[in-house]
Amino acid sequence: MGHHGGMSGAFVLMQFTDASIPEVIYLDNIAGDLFLETDADVRRYRLAFERLRATAEGPDDSRLLITALTAQL
């Protein structure tokens, strides 16, 4: 099963409508911000994003989960 795909921290996969502008990964943390632009970095984070999206609940199930969790507070 492995660890959660988002455990390494938040990131933004920046994609642009202009195909001449390459994809960029944006990281922001306590040490500062960082833009990753190499093909290898973009591929690694795109794969992480696709895995997160594949395992994520849909909008309705997410709403039910959030409602159930907040009811326990």
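Fair warning: this is a prediction, and the values are worked out from it, not measured in the lab.

As for the sheet that holds strand 1 (residues 12-14)
And then number 1: Within the open sheet, the three strands sit side by side as 1-2-3. Their pairing is antiparallel. In this open sheet, the two strands that pair with only one neighbour each are strand 1 and strand 3 (32-36). Taken over all neighbouring pairs, the strand axes of this sheet differ in orientation by 20° on average, direction set aside.
And then number 2: By the bridge criterion, three bridges tie strand 1 to strand 2 (residues 24-29) in an arrangement that is antiparallel. Residue pairing across strands places V12 opposite Y26, the latter belonging to strand 2.
And then number 3: Sitting on the sheet, helix 1 (residues 39-55) is in contact with strand 1, strand 2 and strand 3, with an inclination near 75° to strand 2.

Cut-offs used in this document
Residues numbered from 1 in each chain as written. Predicted model: local features only at pLDDT ≥ 70, side-chain atom pairs only at ≥ 80, totals over all residues. Heavy atoms only, no water. Pairing = 2+ DSSP bridges. Helix = DSSP H or I, 4+ residues; strand = E, 2+ residues; numbered from the N terminus. Axes fitted to C-alpha atoms, helices over the stretch in contact; angles between N-to-C directions. Contact = heavy atoms within 4.5 Å.

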